[in-house]
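Notes for the structure review
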Amino acid sequence: MSDNRQPLLKVRDLKVTFGKGRHAVSAVAGVSFDIFPGETLGLVGESGCGKSTTGKALMRIIEPSSGSIELEGTSLIGQKGRTLRNLRTHMQMIFQDPISSLNPRRRVKDIVAEPLDCWKSVTGNERDVLVSDLLSKVGIDPKVYGNRYARQFSGGQCQRISIARSLAMRPKLLICDEMVSALDVSVQAQILNLLEDLKDEYGLTLLFIAHDLAVVKNVSDRVAVMYLGKICEIGPSDALYEAPAHPYTKFLLGAALEADPDSPMHNQVLEGEPPSPLNPPSGCRFRTRCPNATEKCANEEPLPQEVAVGHQVSCHFPLTIKQK
Amino acid sequence: MSNAILIEQASIVEKPEKKAPLGPLFWICVGWIALNFLGAIFANVLPLQNPLYQDYASINAGPSLHHLFGTDDIGRDIFARIVFGSRVSIAVGFGAMVIGFGIGTPLGMLAAYRRGRFDTFMTAFMYILLAFPAIIATIAVLSFWTPRSLLKIIIVIGLASVPLVYRVIRTAALAVSTKDYIIAAKVQGATDRRILLKELLPNIAPIGVSFLLIGVATVIALEGTLAFLGLSVSPPTPSWGNMINESRTVLQDNPWLAIFPSLALCLFLLSLNFIGDRLRNHFDVTEVKL
Amino acid sequence: MSDLSHELLVVEDLSTTFNTMGGPLPAVANVSFTLARNETIGIVGESGSGKTVLSRTIMGLQPRTNVSVTGSVLLNGNQMVGASESFKRGLWGTEVAMVFQDPMTSLNPVMRVGKQIDESLRVRLGMSKQDAKARAIELLELVGIPSPAHRYMAYPGQLSGGMRQRVVIAIALAGSPKLLMADEPTTGLDVTIQAQILNLLDELKDRLKMSVVLVTHDLGVVATRTSRIAVMYAGRIVETGSTRDVFTNHRMPYTRALLDSSPKVANASHTRLVTIPGRPPNLLQLSAGCSFAPRCSFATDKCHQERPELQAADEPGHAFACWNPLPTQTEPAPHER
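Residues numbered from 1 in each chain as written. Chains lettered and ligands numbered in written order. Predicted model: local features only at pLDDT ≥ 70, side-chain atom pairs only at ≥ 80, totals over all residues.

**What to know about the overall build of chain B**
The following threshold applies: Strands are runs of DSSP state E lasting at least two residues, helices are runs of H or I lasting at least four, and both sets are numbered from the N terminus onward. All radius of gyration figures rest on C-alpha atoms, and the globule criterion is 2.2 Å times the number of residues raised to 0.38.
Within chain B one finds 10 helices and zero strands. Each helix and strand of chain B, ordered N terminal to C terminal, gives the series α-α-α-α-α-α-α-α-α-α. The globule rule puts the C-alpha radius of gyration for 290 residues at 19 Å, and the 24 Å found for chain B is more than 25% above it. Taking the principal axes of its C-alpha atoms as reference, chain B extends roughly 90 × 50 × 35 Å.

What follows is the structure, given as structure tokens:
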């Protein structure tokens, strides 16, 4: 990256393979990116592209098969036991299903205090004050609702409580795994605004994983597009959306359903189905559905090349883009 | 931002927390069980006839003021024997379940949480044990492990129930351990022990408790079966099963010897089952059903 | 209203009330609309708006116990409300068919896909085994499944989400219905597959001269594929009209709020989203006034006290339920208090 800052998170050639031998499925097939402090990196792609798996591998919820993950210089791979648990406090995750993210039998304020209780870093009165403060910040009145059970809240409220819980240890990196996908549009808007406000206040860095292009663009500074376990394009959101360099990104944007009756209907639709990850195409993985594919695409896997400042694409024939 | 939050709070409508009502019958059953417990504990100090005293003057007598439930074929007071007999049933029922759950629950929870090799081996082992009819195993062991005592019976039945408890707990724990909040707890840095106790256990407790009560009922009935085969506590110690067994030979002359212990057994089991069922309904935290 | 005898579907004052532990729950209240032949209407609303209950009520799928349905649903002249099960069964598949959201639960996972299509052909239309199989393969081809003869033998689990949804559509079309009810047919599918399925529905609709009721929460889905839209909130239709009118000249503030709160690809990154404060009302405790009033920035006293009925707007076919509607616009007007 052409940046003088040190990345907060450095991921190099991350691979996650399930199963063995002939039945091995490479869900993530060599993914590399940096996330800089204070920025939001959006990770977008369709089902099966490996974006959720990447997020879980970063948190070591799923074990990476190979590659390196460095958080502020400390490697996250190979850590075990107490060291791993310690490192985990620097990275937190928010999940897709708000209801199953919270223990239905626990009270809200205990859930938010749980990280503090695990580490006994803050106790007694200070702990209670901190918990109340967190709940207020996410829009849940601690005096009225702090004692209620998690099962009594709606999806949007549960997601707020999850956010409060994840901020208790002041993590450096927050991974949001499809966190608004299960919410209604109006609730989604509230949660996204809340996230932006808290990001500023807590100095967070975000990895925002989602499949909704509009949501990702709204939240992210930079966006990475994944297809079948690989990143095909990564760059600043506005530039990437306005002038995508990778054909897949262009199709993805074309398929995005705009709430506008005048938007051009029947954009060139991406035909066919994504190939099975059990047997990915040789060379460029997108070539089986790409209208521009040539023999070179079948023989040689495209490596990331820079097409503009901070904008990289893995394609032999990137679509021409304006230089900004 | 604060204005928007205040408006949000004003319209937070809590989902109606309507737990399935326990009902008066539930409490009647609880009362009955409690009564039996108290009877068992305080049998010695209660104004009862001596359960072992053989009053040859009144053999196979019907119920009277002196003998509330009558006497058996060697003159012993049935009522006293039932109260003292409840000790056996309760001890066997709850004692065996304590052993069964004490061993089966941690194993089941660990297997469901850890998965991997521990789960594979333990589950295979337990399923093999389950395939073997527990009753036959119990009968076989008790036939050979003499002299019989209450403690031995409790241990044998208790161990025999471990595979089933393991299966039930493991299944319940599996459903819970895939939920995101377990992953969230791990990600916060909680130790496995903390997760098992604070996150997993409370969520499988309702199923566990209601299964425990039903298990107690089953074991008590099992004791009755063993008594029928002459494998329960040795006479003259009274137990409900023993008494029913003894009544076989004198059924025509003295139906009370069969009726009262059977009633006691039936009512106790029914109450336990009912309580177990109601508790499970009550603690079911799924949505208010339409 | 135009001459109703030409309309394929006439829904009049339809209400569905559930008998719950907490009291009567009016999931759908006083809904009326019509649908002509070869027309597509979009029913839009968030969760809790009653759109799914509405689609199921129109189909006649509500159970008889603990549910009370009043009003009238005339499907090609057949009254669905209060009709007997056997009567409704005669219509399902041949007059009207439904496509549900989750194809994995709409399909029997242990039965081959071809057999599931066969079943409806043989039971419904009384075809012989060979005829049914031939027609089933034809249908699989019609919905764009490659190598249909081969896929005929597949189990649902072996197909991708998009394929499964195509199979569900094939089953729905087996009896050549005149009306297709599609309840969130593409939610949960990938964006590129969504586009494929929606294009397929468009194509089939024209080819088979069907009408479609498209129920969804996603405004993007209805924007270019419907001629008319009805917006639902708390069980009622709060605005209805031609798609263009509802999108560009909406009068009901909820419609505006809904359109504004979805993030748009065209907006720059980090655009602050307009939110609707608060949450949808508890249907067990509805007030006498407009259900949206507690959250509406334009609400007046009258709005809180009296429920507005649908009133006609300037354009034909455009109606809204609001005491304090947004001004008619030829170009977008700013929010004003």
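**Quick notes on the overall build of chain A**
Cut-off, in case you're wondering: Once C-beta atoms have been placed from the backbone, residue pairs whose C-beta atoms lie within 7 Å are recorded as contacts.
Check the secondary structure of chain A and you find 11 helices and 12 strands. Computed over its C-alpha atoms, the radius of gyration of chain A comes to 21 Å, within 12% of the 20 Å expected for a compact globule of 324 residues. Dimensions of chain A, computed from the C-alpha atoms along their principal axes, are close to 65 × 50 × 40 Å. Sequence-distant contacts, at least 24 apart, represent 65% of the contacts inside chain A between residues at least 6 apart.

**Comments concerning the interface of chain A and chain C**
With 38 residues of chain A at the interface, the matching set in chain C holds 39 residues. Element by element, the count of residues in the side of chain A that touches chain C is highest for helix α7 (residues 185–202) of chain A, at seven residues.

**Quick word on the sheet that holds strand β6 (residues 96–99) of chain C**
All names here are of chain C. Our working definition: By the convention used here, strands pair only if DSSP detects at least 2 bridges between them. Axis angles are defined between N-to-C directions and span 0 to 180 degrees, where every axis is a line fitted to C-alpha atoms and, for a helix, only to the segment in contact.
Taken in spatial order, the eight strands of this open sheet run β6-β7-β8-β3-β9-β10-β12-β11, and their pairing is mixed. Bordering the open sheet on either side are β6 and β11 (311–312), each of which pairs with just one other strand. Note: strand β7 (residues 179–183) against strand β8 (residues 211–216), five bridges, orientation parallel. When the sheet's bridge partners are listed, Met181 is paired in β8 with Val213. Contacts between helix α1 (residues 51–59) and the sheet are confined to β3 (40–44), β6, β7, β8 and β9 (228–233), with β7 contributing the most and set at about 150 degrees to the helix.

**Some words on the nonpolar core**
The condition is simple: Structurally, a nonpolar core is described as a collection of buried Ala, Val, Leu, Ile, Met, Phe, Trp, Tyr and Cys residues joined by way of C-beta atoms within 7 Å. Burial is judged by counting other C-beta atoms within 10 Å of a residue's own C-beta: 20 or more means buried, 12 or fewer means exposed, and anything between counts as partly exposed, with every C-beta placed from the backbone.
One finds A:Val112, A:Ile161, A:Val225, C:Ala170, C:Val231 and C:Val238 to be the most contacted residues of the largest nonpolar core, which totals 258 residues. A per-element tally of this core places helix α3 (residues 78–114) of chain B first, with 16 residues. Among residues more than four places away in sequence, those in contact with A:Ile161 are A:Leu102, A:Val108, A:Ile111, A:Val112, A:Ile140, A:Ala150 and A:Phe153.

**A closer look at the sheet that holds strand β4 (residues 67–75) of chain C**
Residues and elements named next belong to chain C. What the four strands build is an open sheet, ordered β2-β1-β4-β5; its pairing is antiparallel. The open sheet terminates on both sides in strands that have one partner only, identified here as β2 (23–36) and β5 (78–79). Both strand β1 (residues 7–20) and β2 contribute to a ladder of 10 bridges, which runs antiparallel. Residue pairing for β2: Thr16 is matched across the bridge by Val28. Strands in contact with α1 are β1, β2 and β4; relative to β2, the strand with the most contacts, it is inclined by about 65 degrees.

**Remarks on the pairing of β6(C)**
All names here are of chain C. Residues Val96 and Met98 point to one face of β6 and Ala97 and Val99 to the other, with burial holding for every one of them. Where β6 meets β7, four bridges bridge the pair, whose relative direction is parallel. Looking at β7, one finds that Val96 is bridged to Leu179.

**A look at helix α7 (residues 161–173) of chain C**
Residues and elements named next belong to chain C. How we decide: Here a helix's expected span is defined as the number of its residues, less one, multiplied by 1.5 Å.
Taking 1.5 Å as the rise per residue, α7 with 13 residues should run 18 Å; its terminal C-alpha atoms sit 18 Å apart, in good agreement. Of all 13 residues in α7, 12 are buried, a share of seventy percent or more. In this structure, the buried side of α7 is in contact with β6, α3 (103–106), α4 (113–125), α5 (129–142), β7 and α8 (191–208).

**A short note on the packing of helix α2 (residues 24–41) of chain B against α3(B)**
Residue and element names in this part refer to chain B. As a reminder, the rule being used: Roughly parallel covers angles under 35 degrees, roughly antiparallel covers those over 145, roughly perpendicular covers 65 to 115, and oblique covers all other angles. Under the scheme applied, nonpolar residues are Ala, Val, Leu, Ile, Met, Phe, Trp, Tyr, Cys and Pro; charged residues are Asp, Glu, Lys and Arg; polar residues are all the others, including Gly.
For the pair α2 and α3, the least separation of the axes is 8 Å and the interaxial angle reads 105 degrees. Classed by the angle they form, the pair α2 and α3 counts as roughly perpendicular. Listed contacts from α3 to Asn36, Phe37, Gly39 and Ala40 of α2 are Val83, Ser86, Arg87 and Ile90. Class assignment of the residues belonging to the contact of α2 with α3 gives a composition of four nonpolar, three polar and one charged.

**Considerations on the confidence of the model for chain B**
Residue and element names in this part refer to chain B. The line we're drawing: What pLDDT expresses is the predictor's confidence in each residue, scored from 0 to 100.
On average, residues of chain B score 84 in pLDDT, and 91% of them reach the 70 mark or higher. Mean pLDDT values for the elements of chain B range from 40 in helix α1 (residues 2–10) up to 93 in helix α4 (residues 116–131). The low-confidence segment residues 1–13 (pLDDT under 50) makes 19 contacts with residues lying over four places distant or belonging to another chain. Confidence metrics for the complex model read pTM 0.82 and ipTM 0.82.

**Overview of α8(C)**
For α8(C), which comprises 18 residues, the first-to-last C-alpha distance of 26 Å matches the rise-based estimate of 26 Å (1.5 Å per residue) to within 8%. Turning to α8(C), its buried residues number three or more, namely C:Val191, C:Thr192, C:Ile193, C:Gln194, C:Ala195, C:Gln196, C:Ile197, C:Leu198, C:Leu201 and C:Leu204.

**Section: the packing of α3(B) against helix α6 (residues 150–177) of chain B**
All names here are of chain B. For clarity, the threshold we go by: Less than a right angle of anticlockwise turn of the near helix away from the far helix marks a crossing as left-handed, whereas a clockwise turn marks it as right-handed.
Contact geometry of α3 with α6 gives a least axis separation of 5 Å together with a crossing angle of 35 degrees. In the crossing of α3 with α6, the sense of the turn from one axis to the other is right-handed. Of the residues that constitute the contact of α3 with α6, the class distribution is 24 nonpolar, eight polar and one charged.

**Quick look at the environment of A:Leu194**
Positionally, A:Leu194 belongs in helix α7. In this structure A:Leu194 touches A:Val138, A:Gly139 and A:Arg160, once residues within four positions along its chain are discounted.

**A few points about the pairing of β1(C)**
Residues and elements named next belong to chain C. Taken together, β1 and the strand that follows it, β2, pair antiparallel across an intervening segment of two residues. In terms of strand pairing, β1 meets β4 through eight bridges, oriented antiparallel. The residue bridging Thr16 from the neighbouring strand is Val69, located in β4.

**With respect to the environment of A:Val131**
All names here are of chain A. Residue placement: Val131 occurs in helix α4 (residues 124–137). Overall, Val131 belongs to the buried group, with 24 C-beta atoms counted inside 10 Å. Sequence spacing of Val131 and Val185 is 54 residues, and the spatial spacing of their C-alpha atoms is 28 Å. Those residues in contact with Val131 that lie beyond four places of it in its chain are Lys109, Val112, Ala113 and Pro142.

**Here's the deal with unusual backbone geometry**
If you check the backbone angles, A:Glu178 has positive phi at about 55 degrees while not being a glycine. Secondary-structure assignment places A:Glu178 in the loop between β7 (173–177) and α7. Exposure remark for A:Glu178: the 19 C-beta atoms within 10 Å place this residue in the partly exposed category. Here C:Asn66, not a glycine, exhibits a phi torsion of approximately 65 degrees, which is positive. Within the secondary structure, C:Asn66 sits in the loop between α1 and β4.

**Description of the environment of B:Met126**
Residues and elements named next belong to chain B. For Met126, the position within the fold is in helix α4. With 36 residues separating them in the primary sequence, Met126 and Val162 have C-alpha atoms 8.3 Å apart. If we skip the residues at most four places from it in the chain, Met126 touches Pro163, Tyr166 and Arg167.

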